[in-house]
Structure formats: C-alpha cells, structure tokens
Amino acid sequence: QVQLVESGGGLVQAGGSLRLSCAASGRTLSTRTMGWFRQAPGKDRDFVGMIRWSGGSAYYADSVKGRFTISRDNAKNTVYLEMNSLKPEDTAVYYCAASGSSYSGSSAANYDYWGQGTQVTVSS
C-alpha cells in the first residue's frame, strides 16, 4: 500500500500563488508516476499534471500550462505543485495520485493510490 498526504491548500486572491505538497509513504518503490488532479463542486475530477520519479519533464493540462509547475524530491518521497497566477476557476479540491506505471497519462482511472485532497480557493 501507498499512502499519500497532501498539504498546502488554502485561500488566496486571484493572481496569487500557492505550493502544494504530496508526501508519499509505504511501498513507494512500487510507484512510477505521480499525478495531480482537481475537482470543483459538481464537476468531474480533472487532470492537472504528472511527473515520473525516474526523471524527465512534467506534463500539464492546457488549462494550467505556463502557470503551474510540478517538481519532485525523491529523497523525501515528495511531489510539489507550484501554482502561480491563480484564477478563480482554479478553485477546487486538489488531489495527488500515484501509479505503478510509467505511462499513466491523464486518466484518473490509471492511478492506483489517492490522497485525501486539499482545498484551494481563489477569490476574485
């Protein structure tokens, strides 16, 4: 089993920044890809971005490209989501997820483990 714990959410004004963290524990060596997703009230869970523990570039949804940055600290088993130029439409519960595959892509169904989520609210 893999446990994921997100932190860093909160309330921020439009144009502001937040950094989310996702700490992984347990059988982390079984994971290959870490993803970030978000879910606004009444909407589906949407892909935000992903990164592989092994290295390489992160990938992002078009809606956040250029504003959000995903990074990782393998020594700490932690993944980060740096969010800049936040907009009210970024308001959602943000989840991190882990997959045992290096090719999980943007589909939530391909991720095996999920954190509890952290609320991000962007005021206008």
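Okay, so let's go over this structure. (Residues numbered from 1 in each chain as written. Predicted model: local features only at pLDDT ≥ 70, side-chain atom pairs only at ≥ 80, totals over all residues. Heavy atoms only, no water.)

1. Thoughts on the state of the cysteines
- Scanning the entire structure with this criterion turns up 1 disulfide.
- The residue that forms a disulfide with cysteine 22 is cysteine 96, at a sulfur-sulfur distance of 2.0 Å. Where cysteine 22 bonds to cysteine 96 through sulfur, the torsion about that S-S bond is close to 55°, and the disulfide is right-handed. Within this pair, whereas cysteine 22 is found in strand E3 (residues 18–26), its partner cysteine 96 is found in strand E9 (residues 92–99), the two being separated by 74 residues in sequence.
- By relative accessible area, cysteine 22 is classed as buried at 0%.
- Look at cysteine 96 and you get buried, because its relative accessible area is 1%. (Disulfide = S-S within 2.5 Å. Helix = DSSP H or I, 4+ residues; strand = E, 2+ residues; numbered from the N terminus. Buried < 20%, exposed > 50% of the residue type's maximum accessible area, 1.4 Å probe, protein only.)

2. Concerning the packing of aromatic side chains
- Following the criterion strictly, the structure yields 5 aromatic pairs and no others.
- Judged by centre distance (5.7 Å) and plane angle (70°), the ring pair of phenylalanine 37 and phenylalanine 47 falls under edge-to-face. Separated by 10 residues along the polypeptide, phenylalanine 37 in strand E4 (residues 33–39) and phenylalanine 47 in strand E5 (residues 45–52) bring together distant segments of the chain. Each member of the pair, phenylalanine 37 together with phenylalanine 47, is buried.
- Cluster of aromatic residues (ring-pair linked, three or more members): Phe37, Phe47, Tyr95, Tyr111 and Trp114.
- Lying over the aromatic face of tyrosine 95, arginine 45 brings its terminal NZ or CZ to 3.8 Å of the ring centre.
- The cationic tip of arginine 45 hangs over the ring face of tryptophan 114; the distance from NZ or CZ to the ring centre is 4.8 Å. (Phe/Tyr/Trp six-rings, centres within 6.5 Å; stacked < 30°, edge-to-face > 60°. Lys NZ or Arg CZ within 6 Å of the ring centre and 35° of its normal.)

3. Some remarks on the environment of glycine 100
- Here glycine 100 is to be found in the loop between E9 and strand E10 (113–114).
- Residues glycine 100 and arginine 32, spaced 68 residues apart in sequence, show a C-alpha to C-alpha distance of 5.0 Å.
- Aside from chain neighbours lying at most four places away, what touches glycine 100 is Ser30, Thr31, Arg32 and Asp112. (Contact = heavy atoms within 4.5 Å.)

4. Things to note about the pattern of salt bridges
- Within the structure shown, the criterion is met by 3 salt bridges.
- The partner of arginine 38 in a salt bridge is aspartate 90, and the shortest N-O contact between them spans 2.8 Å. Residue arginine 38 is found in strand E4, and its partner aspartate 90 is found in the loop between strand E8 (78–83) and E9; the two are separated by 52 residues along the sequence. By the burial criterion, arginine 38 is buried, and aspartate 90 matches it.
- One salt bridge connects aspartate 90 with arginine 67, and the closest N-O pair in it is separated by 2.7 Å. Residue aspartate 90 is found in the loop between E8 and E9, and its partner arginine 67 is found in the loop between strand E6 (59–60) and strand E7 (68–73); the two are separated by 23 residues along the sequence. Each member of the pair, aspartate 90 as well as arginine 67, carries the same accessibility label: buried. (Salt bridge = Lys/Arg side-chain N within 4 Å of Asp/Glu carboxyl O.)

5. Observations concerning the nonpolar core
- Formed by 32 residues in total, the largest nonpolar core has its most connected members in Leu4, Met34, Trp36, Phe68, Leu81, Met83 and Tyr94.
- The element contributing the most residues to this core is E9, with 5 residues. (Core = buried A, V, L, I, M, F, W, Y, C linked by side-chain atoms within 4.5 Å.)

Functional significance is not addressed by these values, which are geometric in nature.
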